[in-house]
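Structure at a glance
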Amino acid sequence: MKGITFLIIILSLPWIDHTLETDQAPQDFAPFSQEIPGSDLSIDMMPVPGGTFTMESAETPSKRDVLVDDFWMGTYEITWQQYDLFTKEVVSRLSDYAPHPDGDVQISADAIALPTPPYVDMSFGMGRDGYPAINMTHYAAVMFTKWLTAKTGVFYRLPTEAEWEFACRSGASDEAGEPDRLDEYEWHQGNSGGSYNKIGTRKPNSIGLNDMKGNVAEWTTDQYLEDYLEQLEGEVADNPWFKPTALYPRAVRGGSWRDEPEEIGCTQRRGSRENWKMLDPQFPKSLWWHTSAPFLGFRIVRPVAAPSAEAIEEYWIGPMEDL
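Below or above, wherever it landed, is the structure these notes cover. Please read these numbers as outputs of a predicted model, since none were measured by experiment.

Describing the state of the cysteines
Applying the stated rule across the entire model yields one disulfide. Disulfide pairing is shown between Cys 168 and Cys 266; the S-S distance is 2.0 Å. What sets the handedness of the Cys 168 and Cys 266 disulfide is the S-S torsion sign, and at about -75 degrees it is left-handed. In this pair, Cys 168 is assigned in helix H3 (residues 161–170) and Cys 266 in the loop between strand E10 (250–253) and strand E11 (269–271), connecting sequence segments 98 residues apart.

Below you can see the structure in the form of structure tokens.
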């Protein structure tokens, strides 16, 4: 294993022992910055008013009406500074922090596995200060949201595919239908300079979200299903989510700095692949890092209506390394 020990150490953290509040709004349904206790870092969050919309497929003519509830979404993709804080704190076994005094949720994780050290610099020299974190596995992205929930006392998770598409399409920017304006809003193969770029260096869409359709593609919380729209139930699918039951594929949305402009739209989706780990020399392969996914990152969401403790637990998927 090239001197790298495959390590999983469980940190015992108290589980929620009470019913969560039904409204997590900090004051009102408005933009806010989520401070990360114990640091000088914060995560900017934008409100996304829910509603019914028509989901579409980039590959087929299929369409389905879908309802999503109100939520906040990260203004930007999670950066290396934010992600590194998570990995460093978990590796140092920081298990004694207290619930956030103003939060609605007490420590909300029962266990977090320690990340294995990366084999190489996972930014591949493309930049770290102000750049989106990349190359993490779906499991690692989920564990970041679990850690953030524990740190802040407020429930955070990855977006569902439906939420991601809704946020992207609700904020359809002025470049829609005007390809010559695409460069004002998105990083893609034609303008990226062969790498990802710093967050916030292109115009946000009309609801204030940056890089939804470019820079890095983004993890969602769903299992990837080729026939996703056909699997939806009801005349109007109500907040659909396909909980992962297999390690591959997991659903990724949007496009990245490596994709052509026509490949970064709101309906673009792909499934994760095992060969994204093909350069990983460890055995077994790391639960935490993809060595061949420099196009992949994530952003977070916070639902306005807090789920029950039981519902929150459903989002903390395991590593499934034996599948």
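Comments concerning the environment of Arg 299
Mapped onto the secondary structure, Arg 299 falls in the loop between strand E12 (296–297) and strand E13 (301–303). Using a relative accessible area of 0% as the deciding quantity, one classes Arg 299 as buried. C-alpha of Arg 299 to C-alpha of Gly 74: the two residues are 225 residues apart in sequence and 5.7 Å apart in space. At 2.6 Å, the side chain of Arg 299 forms a polar contact with the backbone oxygen of Asn 210. At 3.3 Å, the side chain of Arg 299 and the backbone oxygen of Asp 211 are in polar contact.

A closer look at the sheet that holds E11
Across a sheet, strands are paired by hydrogen bonds formed along the backbone, either parallel or antiparallel in direction. On the basis of which strands lie adjacent, the open sheet formed by four strands has the order E11-E10-E8-E12 and mixed pairing. One side of each edge strand has no neighbouring strand; the edge strands of this open sheet are E11 and E12. With two bridges joining them, strand E8 (residues 217–223) and E12 adopt parallel strand pairing. Pairing of Ala 217 across the sheet is with Leu 296, part of E12. Across the face of the sheet, H3 comes into contact with E8, E10 and E11 while running at roughly 140 degrees to E8.

Quick word on the pattern of salt bridges
Taken as a whole and assessed by the stated rule, the structure comprises 14 salt bridges. With its nearest N and O atoms 2.7 Å apart, the salt bridge here joins Asp 84 to Arg 128. Here Asp 84, found in helix H1 (residues 80–91), pairs with Arg 128, found in the loop between strand E7 (111–113) and helix H2 (138–152); they are 44 residues apart in sequence, far enough to count as distant. The partly exposed category is assigned to Arg 128, whose relative accessible area is 29%. For Asp 259, the salt bridge identified is with Arg 270, shortest N-O distance 2.9 Å. Residue Asp 259 is located in the loop between E10 and E11, and its partner Arg 270 is located in strand E11; the two are separated by 11 residues in the primary sequence. The class for Arg 270 is partly exposed, based on a relative accessible area of 23%. In this structure, a network of salt bridges that share partners links the residues Glu 56, Glu 161, Glu 165, Arg 169, Arg 253 and Arg 269.

Describing the packing of aromatic side chains
Considering all chains together, one arrives at 22 aromatic pairs under this definition. Taken together, a centroid distance of 5.1 Å and an interplanar angle of 55 degrees make the contact between Phe 53 and Phe 166 tilted. Highlighted residues: Phe 53 in strand E4 (residues 51–56) and Phe 166 in helix H3, separated in sequence by 113 residues. The residues Phe 53 and Phe 166 share a single accessibility class, namely buried. These aromatic residues form a ring-pair network of at least three members: Trp 80, Tyr 83, Phe 86, Tyr 139, Phe 144, Trp 147, Trp 288, Trp 289 and Phe 298. Above the plane of the ring of Trp 80 lies Arg 128, whose end atom (NZ or CZ) is 4.1 Å from the centre. Over the ring of Trp 187 we find Arg 202; its NZ or CZ atom is 3.6 Å from the centre of that ring.

Looking at the nonpolar core
General note: in soluble globular proteins, nonpolar side chains tend to be found buried as a group. Of all hydrophobic cores here, the largest spans 50 residues; its most connected members are Trp 80, Tyr 83, Phe 144, Trp 219, Trp 288, Phe 298 and Ile 300. Contributions of two or more residues to this core are made by strand E3 (42–48), H1, H2, E8 and helix H6 (309–315). With eight residues, H2 is the largest single contributor of residues to this core. Those residues within four positions of Trp 80 in sequence are excluded, and the remaining contacts are Met 122, Ser 123, Gly 127, Arg 128, Tyr 131, Pro 132, Ala 133, Ile 134, Tyr 196 and Trp 289. Phe 53, Met 55, Val 66 and Phe 166 belong to the second largest nonpolar core, which has 22 residues in total.

Section: the environment of Glu 184
Residue position: Glu 184 is located in helix H4 (residues 182–185). The class for Glu 184 is partly exposed, based on a relative accessible area of 30%. It is 6.0 Å that separates the C-alpha atoms of Glu 184 and Lys 203, two residues lying 19 residues apart in sequence. The residues contacting Glu 184, other than those within four sequence positions of it, are Arg 202 and Lys 203. Among the polar contacts made by the side chain of Glu 184, one reaches the side chain of Lys 203 at a distance of 2.7 Å.

The rules we used
Residues numbered from 1 in each chain as written. Predicted model: local features only at pLDDT ≥ 70, side-chain atom pairs only at ≥ 80, totals over all residues. Heavy atoms only, no water. Disulfide = S-S within 2.5 Å. Helix = DSSP H or I, 4+ residues; strand = E, 2+ residues; numbered from the N terminus. Buried < 20%, exposed > 50% of the residue type's maximum accessible area, 1.4 Å probe, protein only. Polar contact = N/O pair within 3.5 Å; in protein donor to acceptor, adjacent residues only side chain to side chain. Pairing = 2+ DSSP bridges. Contact = heavy atoms within 4.5 Å. Axes fitted to C-alpha atoms, helices over the stretch in contact; angles between N-to-C directions. Salt bridge = Lys/Arg side-chain N within 4 Å of Asp/Glu carboxyl O. Phe/Tyr/Trp six-rings, centres within 6.5 Å; stacked < 30°, edge-to-face > 60°. Lys NZ or Arg CZ within 6 Å of the ring centre and 35° of its normal. Core = buried A, V, L, I, M, F, W, Y, C linked by side-chain atoms within 4.5 Å.

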